[in-house]
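Descriptive structure summary
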8 protein chains.
Amino acid sequence: MLKADEVKITKVILKSSFEMWLSNIEVDVVIVGAGPSGLTCGRYLAKNGYKTLILERHLAFGGGTWGGGMGFPYIVIEPPANEILEECGVKLKEMEGYYVADSVEVPAKLACKAIDDGAKILTGVVVEDLIVRDHEVNGVVINSYAIERAGLHIDPLAIKSKVVVDATGHEANVVNILIRKNKLKLNLEGERSMWAEKGENELLENTKEVYPNLFVCGMAANAVFGGHRMGAIFGGMYLSGKKCAELIMEKLKL
Amino acid sequence: MLKADEVKITKVILKSSFEMWLSNIEVDVVIVGAGPSGLTCGRYLAKNGYKTLILERHLAFGGGTWGGGMGFPYIVIEPPANEILEECGVKLKEMEGYYVADSVEVPAKLACKAIDDGAKILTGVVVEDLIVRDHEVNGVVINSYAIERAGLHIDPLAIKSKVVVDATGHEANVVNILIRKNKLKLNLEGERSMWAEKGENELLENTKEVYPNLFVCGMAANAVFGGHRMGAIFGGMYLSGKKCAELIMEKLKL
Amino acid sequence: MLKADEVKITKVILKSSFEMWLSNIEVDVVIVGAGPSGLTCGRYLAKNGYKTLILERHLAFGGGTWGGGMGFPYIVIEPPANEILEECGVKLKEMEGYYVADSVEVPAKLACKAIDDGAKILTGVVVEDLIVRDHEVNGVVINSYAIERAGLHIDPLAIKSKVVVDATGHEANVVNILIRKNKLKLNLEGERSMWAEKGENELLENTKEVYPNLFVCGMAANAVFGGHRMGAIFGGMYLSGKKCAELIMEKLKL
Amino acid sequence: MLKADEVKITKVILKSSFEMWLSNIEVDVVIVGAGPSGLTCGRYLAKNGYKTLILERHLAFGGGTWGGGMGFPYIVIEPPANEILEECGVKLKEMEGYYVADSVEVPAKLACKAIDDGAKILTGVVVEDLIVRDHEVNGVVINSYAIERAGLHIDPLAIKSKVVVDATGHEANVVNILIRKNKLKLNLEGERSMWAEKGENELLENTKEVYPNLFVCGMAANAVFGGHRMGAIFGGMYLSGKKCAELIMEKLKL
Amino acid sequence: MLKADEVKITKVILKSSFEMWLSNIEVDVVIVGAGPSGLTCGRYLAKNGYKTLILERHLAFGGGTWGGGMGFPYIVIEPPANEILEECGVKLKEMEGYYVADSVEVPAKLACKAIDDGAKILTGVVVEDLIVRDHEVNGVVINSYAIERAGLHIDPLAIKSKVVVDATGHEANVVNILIRKNKLKLNLEGERSMWAEKGENELLENTKEVYPNLFVCGMAANAVFGGHRMGAIFGGMYLSGKKCAELIMEKLKL
Amino acid sequence: MLKADEVKITKVILKSSFEMWLSNIEVDVVIVGAGPSGLTCGRYLAKNGYKTLILERHLAFGGGTWGGGMGFPYIVIEPPANEILEECGVKLKEMEGYYVADSVEVPAKLACKAIDDGAKILTGVVVEDLIVRDHEVNGVVINSYAIERAGLHIDPLAIKSKVVVDATGHEANVVNILIRKNKLKLNLEGERSMWAEKGENELLENTKEVYPNLFVCGMAANAVFGGHRMGAIFGGMYLSGKKCAELIMEKLKL
Amino acid sequence: MLKADEVKITKVILKSSFEMWLSNIEVDVVIVGAGPSGLTCGRYLAKNGYKTLILERHLAFGGGTWGGGMGFPYIVIEPPANEILEECGVKLKEMEGYYVADSVEVPAKLACKAIDDGAKILTGVVVEDLIVRDHEVNGVVINSYAIERAGLHIDPLAIKSKVVVDATGHEANVVNILIRKNKLKLNLEGERSMWAEKGENELLENTKEVYPNLFVCGMAANAVFGGHRMGAIFGGMYLSGKKCAELIMEKLKL
Amino acid sequence: MLKADEVKITKVILKSSFEMWLSNIEVDVVIVGAGPSGLTCGRYLAKNGYKTLILERHLAFGGGTWGGGMGFPYIVIEPPANEILEECGVKLKEMEGYYVADSVEVPAKLACKAIDDGAKILTGVVVEDLIVRDHEVNGVVINSYAIERAGLHIDPLAIKSKVVVDATGHEANVVNILIRKNKLKLNLEGERSMWAEKGENELLENTKEVYPNLFVCGMAANAVFGGHRMGAIFGGMYLSGKKCAELIMEKLKL
């Protein structure tokens, strides 16, 4: 017979949560956005021993991958990005020089790999501001997605980190906040019309540190620097996440 | 340099999708709902060679697991259900005679295992009716979640299956539809107030075939038969999914 | 050089509308709903000399045809219903014993044929009640769709007719109003779960006069009598519309 | 007795859709908007052998024609535009030097003629971006209207074409996207207050190629160049659609 | 016994409406807004023989008068504006050098007087644009409020007039449209913070012809020229309406 | 120069409001609804010396009259109801044995007459309950329409009266509240489908005291007793209001 | 100079919350609703040494007191209830045999007194179910108000208690849940129309244990047993809260 | 037996409200916002004999304090601000050099103290404009929150005061209105990203008179001058409210 005691269930959940919260108030890297580039970036950082916290607004990770292209549930990956997915155990099928993957399998496998490599993914958490001190980013200011969506007026908490990554996709939310709240000269270009090939390559160039301790990767990188849009091809996203991890590791030299 | 051609990307996605659709018009089992019990049920069926299609309304799988208990991101599992999660690679921590798991890791690992064992998970798909023929369920009537949510008036398509599983949770949507559309005597009790221990055990008893070719598992089982509610303890859910798979395999005797 | 005078444009539109309205206050038949069965029914009646007014709530005719099946833009027709579409000039393609048609071409062609055969289609008009006198339907009570949708509280106007047809589809709006407003014993069964073949054949049986001077056709017929649902196969719809026209002509014996 | 098999219905619809999609990934001309000018433009192009795809956001074609003027269901046409409608079989009535037409008959007949002349009309499809390569438009980036309206975050697909036509009416959506996403100097004037006669004539002058491979016709042309508004007179719209087709044919010289 | 025939009721309403519409396609003055200044302006014009049409967006006239001050149902009038209300039969009570009036009686009496003096008030009609020809206003472009509020995309009709009056209150809608649609240099200042006494006197100075054939009165006048806000004192409103009528009569010299 | 002092304006409005409120806490008759029957009923009662308070939910009086029939701005009156409107100064035009009136003039004139005859009309006030004592209605429980519409949870106030009249139209709100809150046997029939002539005559029969001290008039009378609907003919409404006043005067015998 | 460290602020808040949560998983009494009766009941219980947790859905306590009567910010109290408020330090003014109090001061003072007497008020917490075991209430099932309002699908937590009090006002939410989820015979009468005096006295009679370990007080008591409504007089509410505390203390005999 | 008479209850509430309103039309100081700084500022002013009116948009006071940090119901205070809370009777707990307080107790105690010291708190009142005369603020223009939220178009009333305080938090509503309505050069900086320590100290510097007779305190001060954000530490808020009171007293020198 199964055992279940309401008070113990409540207690065990509360205790686990508070331990987790307390152990994540200060981390090496906060990645904002658990989409393709954020998960990839987080996985490589965690694997190399960096304390990495991935914050995602929605309850589920995966970002814009789930619906594939226009609701047709597949995404396309070009070499050499297939290697990143293969490391995660994603089944790929070769077609016309590209690789195709199931749009539901991909986020599941990327997340599992990131978790197994040591990254902590916390969902339902909104980054509504940054900690900025003497022109350096020092962490993020967070709130609950439920509170934001409910329209309640409640103060945030803060998490310190050595580096913050904006992996929020097309909207580049973190860079946006930084600019708007601090009147920076930094210009947010916005992504340009679709040119898949050019966009994929620009993505890698645009993956960089845009402000002391603030990096961008994934579509946020092209949105910040005015790169082209690519559509349902995701190779550049994974490579950008990986490159971002490498740049951060170089900077932090653990 | 990365290669990317818009026409090829579009073609590859369309082709993959149509092949997938055509190969899933007739299956052995359709499971409605990709939450804890649906994913578990699907995994055991697929592993044993049954062609299994898991349909989920939302774009992401996982159901009500993501938010843990009241937003505290952990869930509780009692023995012997921990074994099911351990088979999937979920990291469990023992506390006060229970196991605690990260509410984000659990759905990711369950889904990966189900996929690797051969189940097909299709998200963004709504089951709006059943195929019922001479008092037997013969399949499901589906539409796109985007269409439903957009409020567009568009006809559905149909998928044939030998068995359908209602794993839609508290609302027991599939059983609800069956009763409402066919004026059945079958009574939908609705779940009762919380009594965690009793609810967990009732769950297993209530996991059964409720109408020719229609099975219920997970919270839908307690909702149909008036079992008690349990809260953020999930052991019964996984065991119910597993038991449901066993009952179906017995019936279909592949 | 093109000529255009604002006052004349306004005058010409007002005058044309006025004439149309006055000439349609009393008609032989009002058909409610310009979907597949309503358009077909109207076309046969008008062709045989009956003054026929088709009222449609939305601005466009076509009902649920536009989106095909689940947004895949094709519909299926079984013989002998293909003949009705061929008379309208719809291009059909034979596949596996059925006919397939473009879900955009079909409503366009059906409407053109109905108009050319003499039916008047008036869109953006809501039927919010019936004229009922001594247990006989004598016409419809109409309002503007814009007024209804805007939530304004404005009185309706009325149109007299010898016969009213409920071709409003799944909801059987007209029969619903009749029952609700007049406390009739008449039972509204609601359509049953999908059984395409049975549903198609029931549709023809259920096409009939349900109350003195009130006929049902199309899905409204199955909704009233509890017939089965069919999905994206439309043959029964066209045949139902045609049969309904025949029954009315028999009754009215022009 | 009517035959209907759920699996075959589903299969036939999926197969037809797949063939249609694959055969429309690359076309000569994509026209955005199936209103008066888009349908007219598409009809002339298709008739002359150009592979033409008309994309419409809503499920029904017809744009702003359905409601006539202020809901009075008639529209006005001035010579010589009446000839275009007469070719389509629209019944016109002469009044005070103008022609009046039923606002429901017009879109039906225009669409039927375009379809019969070979144009493909695909509805429920949103153009959310363009393919732009080295300062030339090379196609459109599309998504499902249901997805857009449901507010789901799903990546688009792309269609290549030699030419794109913005026939989206007052909002000139395509030109708008081009400018906003590519920071063009091109100025979007917006239509000016009503001056029916001047507006009708400006419409024809403004119908042109506004950017390499991007043409505008209908109200979008006046919106782009700041022409005057005309109200419920549509002659200029049909003539603009026709002129646009002629300019494109001259450019593409099939 | 009372007599009532549905067809005759419908016919009589349609006939009366079309006669009214046709006789109002061309008028001397169109006043936009049936609030305090619009009704007063219309009354004086009509009394002096000018064909005057007052158009009001809402179904009821009265504008912002109904709720008095902050929902306390009284308004204040200072001399000599009391004479205008006394001419209309409004009961006034003297208090501390001012007059107080019932906020429900005032709009009723103003409207009755305007109607009895010959003005036509048409409610539920939205002015969405102007007819502008060679830098002169020549009339208004109207639509139904129901259509606007329902969000339907339907073309407008037009009414010609020698003069148009913007009496739309704080938003100065008509002047706004004129500026936005015609890129005028005319600056819309917006009303300033409250200074009741100054605002009341500025109101009269600001009542004038702001563009050939376009006059402003009431709060629209202060909104256009940046006058101060006054609150629940209405004397200036009635005097502004009267002055506006005098300026128009001087210009039109009937 | 005009004088205006903010403090005095505020003070004068507050004082007038509080005097009005205090003098209306106890009245002879409360009429709920300022539509055609409520205004007529109130006018006759006030004229005969009964302290009469008319409460209206919306800010403007007039109920469903403003929009005429389907937005065509005229209403129809049959003899002898024309006399009631003529007493109020409404201009009537004879057509086909009926009288036609402007749908904007009618509410304005009815309200002015009721006010001049001594009735107090208070708008923006919702009746959310009744005072019921020993099976007798003793008054109404009111709240502000703004509070109701804003969804705020605020307690009501109460007004005592010897008689309450439900003149709320189709919904018969007051009778509805009485039944729902007190589990009465009284049956609310709901109005029946349209039969204009029968409905007009039933209206007068149904105008009566339905519960000790609670009367119904206008469409509420037909809604309570299941009378027929009439459409845009209003003669019965005015006669019902007048009859209701006569019945109340007989009961109260001032 | 002020000191402030983000990490410490976050840590201190988390730790305090964790301790509070853990110490409130099991309490003597859970009171649902922090309105007038809930706060009064909680204060007396806490003062007498019972561990008392008051849960409130909204972020602020006070329930329906804030807006006074119809937005006029005062409430009325009859003797002897004034003593309860005087104990809390509320300033009362005698008028016509009653006491009047400021509708903002009252909730503030009641809450302060309850807190100072030892009750814990937790706001933003929703009770969505009860723990029911062998026909006895054993606690409450809670969730976050933000989660409920955001419409997120997240499991609840549970709190054990010896007694639960339904002080949720007019809707009697807790009793409602108990009945609906457990198919009890218990009948929820709903409050009756206003009869202030009778209602006040019934309130005290209806304050009782309605199901093993579940008590009702305040308006919930009248809603459960069909007592009369009272309006903006609150004496009965405070007395009911006090009586409820006394009944509970008698039962629990600490 | 409890006594309760509906008419007397209504009368007593109306009379109390009337007296309160009339005695608050002219005051020394109007404070806009009843959050932490507004309540503190009001308390010190009232205590020193200044007639002080605190206006709050919501029905409850407390502003953003209720939810603590991210819904964890505690706030942090640094010395020496603890003294202000201790004066109000708030229980503080020392932790890591800071003080922690219950986020529900704090607003309750602050409000009680402000009320007991003589401040009048009026909730549900919106400040929608200012009285500005010759470049000096002379009072506020108010409306009902219910009216604003209901979207009703109703004129405001006005309250005169020698000084107005903007204590509206992050949005600095009052300063915003002043600038927007009067085209001032005054620049509204908006708060900067989080730097808790710097923000706390800037808050005190930024607390000042920003325009003749208009002061800012609390977060509004940092929003106006571009100070940094602090999160859930509130010491600066209370000190700012106190400093603001001191500056005003110095200016007004009662």
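This is a predicted model, so every value here is computed, not measured. (Residues numbered from 1 in each chain as written. Chains lettered and ligands numbered in written order. Predicted model: local features only at pLDDT ≥ 70, side-chain atom pairs only at ≥ 80, totals over all residues. Heavy atoms only, no water.)

To describe two helices that pack against each other, one gives the angle between their axes and the distance between the axes. Contact geometry of helix 1 (residues 6–23) of chain C with helix 1 (residues 6–23) of chain E gives a least axis separation of 11 Å together with a crossing angle of 170°. Comparing their axes, helix 1 of chain E and helix 1 of chain C come out roughly antiparallel. Across from Lys11, Leu14, Lys15, Ser17, Phe18, Trp21 and Leu22 of chain C in helix 1 of chain C, the residues of helix 1 of chain E making contact are Lys11, Leu14, Lys15, Phe18, Trp21 and Leu22 of chain E. (Axes fitted to C-alpha atoms, helices over the stretch in contact; angles between N-to-C directions. Helix = DSSP H or I, 4+ residues; strand = E, 2+ residues; numbered from the N terminus. Parallel < 35°, antiparallel > 145°, perpendicular 65-115°, else oblique. Contact = heavy atoms within 4.5 Å.)

Further remarks concern the sheet that holds strand 3 (residues 74–77) of chain B. Residue and element names in this part refer to chain B. Pairing within the open sheet is antiparallel, and its three strands lie in the order 3-5-4. Strands with a single pairing partner mark the edges of an open sheet, and in this sheet they are strand 3 and strand 4 (93–95). The average angle at which neighbouring strand axes cross in this sheet is 40°, direction not considered. As paired elements, strand 3 and strand 5 (residues 98–102) share four bridges and run antiparallel to each other. Its bridge partner being in strand 5, Tyr74 is matched across the sheet by Asp102. (Pairing = 2+ DSSP bridges.)

Further remarks concern the side chain of Glu6 of chain E. Its place among the elements puts Glu6 of chain E in helix 1. With a relative accessible area of 2%, Glu6 of chain E lands in the buried category. Within polar-contact distance, the side chain of Glu6 of chain E engages the backbone nitrogen of Ala196 of chain F at 2.8 Å. Among residues more than four places away in sequence, those in contact with Glu6 of chain E are Ile131, Arg133, Ala158 and Lys160 of chain C together with Met194, Trp195 and Ala196 of chain F. (Buried < 20%, exposed > 50% of the residue type's maximum accessible area, 1.4 Å probe, protein only. Polar contact = N/O pair within 3.5 Å; in protein donor to acceptor, adjacent residues only side chain to side chain.)

Right, let's get into the relation of the copies chain F and chain G. Rotating chain F by 90° and moving it 0.0 Å along the rotation axis overlays it on chain G with an RMSD of 0.0 Å. Considering both components of the superposition, the chain copies are consistent with a four-fold axis. (Least-squares fit on C-alpha atoms with pLDDT ≥ 70 in both.)

A separate point is the UniProt feature "binding site: NAD(+)" (unreviewed entry) in chain A. Residue and element names in this part refer to chain A. In the UniProt entry, the feature "binding site: NAD(+)" (unreviewed entry) is given for Ser37, Glu56, Arg57, Gly64, Val127, His153, Ile154, Asp155 and Met219. In terms of the greatest pairwise C-alpha distance, the residues named above, spread along 183 residues, do not form a single cluster, extending to 31.5 Å across. What makes Ser37 buried here is its relative accessible area of 4%. Sequence-distant contacts of Ser37, defined by excluding residues within four places in its chain, comprise Ala167, Cys217, Gly218, Met237 and Gly241. Looking at the secondary structure, you find Arg57 in the loop between strand 2 (52–56) and strand 3 (74–77). The class of Arg57 is partly exposed, set by a relative accessible area of 28%. With residues up to four places along the chain from it excluded, the contact list for Arg57 reads Gly124, Val125, Val126, Tyr145, Glu148 and Asn173. (UniProt positions renumbered as here; feature names shortened; annotations may be inferred.)

Here we come to the interface of chain F and chain G. Taken together, the contact pairs 23 residues of chain F with 22 residues of chain G. Interface of chain F and chain G: buried area, both sides summed, is about 1900 Å²; carbon and sulfur atoms make up 55% of it. If you sort the residues of chain F by the area they bury against chain G, His153, Asp155 and Lys181 of chain F come out on top, with a joint share of 28%. The tally of links between chain F and chain G comes to four salt bridges. When the shortest N-O distance is used, the salt bridge between Glu189 of chain G and Lys183 of chain F registers 3.9 Å. Counting residues per element, the ones that place at least two in the side of chain F that touches chain G are helix 1 (6–23), strand 7 (125–133), strand 8 (136–144), strand 9 (157–166) and helix 6 (173–182) of chain F. Its residues placed into classes, the side of chain F that touches chain G shows 12 nonpolar, four polar and seven charged. (Buried area = accessible area lost by both parts, 1.4 Å probe. Salt bridge = Lys/Arg side-chain N within 4 Å of Asp/Glu carboxyl O. Nonpolar A, V, L, I, M, F, W, Y, C, P; charged D, E, K, R; others polar.)

This paragraph deals with the relation of the copies chain B and chain A. In screw terms, the move from chain B to chain A is a rotation of 180° and a rise of 0.0 Å along the axis, fitting with an RMSD of 0.0 Å. Both chain copies can therefore be described as sitting about a two-fold axis. When C-alpha distances to the rotation axis are compared across chain B, the minimum falls at Ala108 of chain B, with a value of 2.5 Å. A shared interface surface links the copies, since 98% of the contact residues of chain B are contact residues in chain A too.

Let's shift gears to the pairing of strand 8 (residues 136–144) of chain E. All names here are of chain E. Counting buried residues in strand 8 gives eight out of nine residues, a clear majority hidden from the surface. Pairing of strand 7 (residues 125–133) with strand 8, which is carried by eight bridges, proceeds in the antiparallel orientation. Bridge pairing in strand 8 links Val127 to Ile142. As defined by bridge partners, strand 8 adjoins strand 9 (residues 157–166) across four bridges and the pair is classed as antiparallel.

Residues and elements named next belong to chain C. Spatial ordering of the open sheet is given by 3-5-4, a layout of three strands whose pairing is antiparallel. On the outer flanks of this sheet lie strand 3 (74–77) and strand 4 (93–95), each paired with one strand and no other. When the angles between neighbouring strand axes are averaged without regard to direction, this sheet yields 40°.

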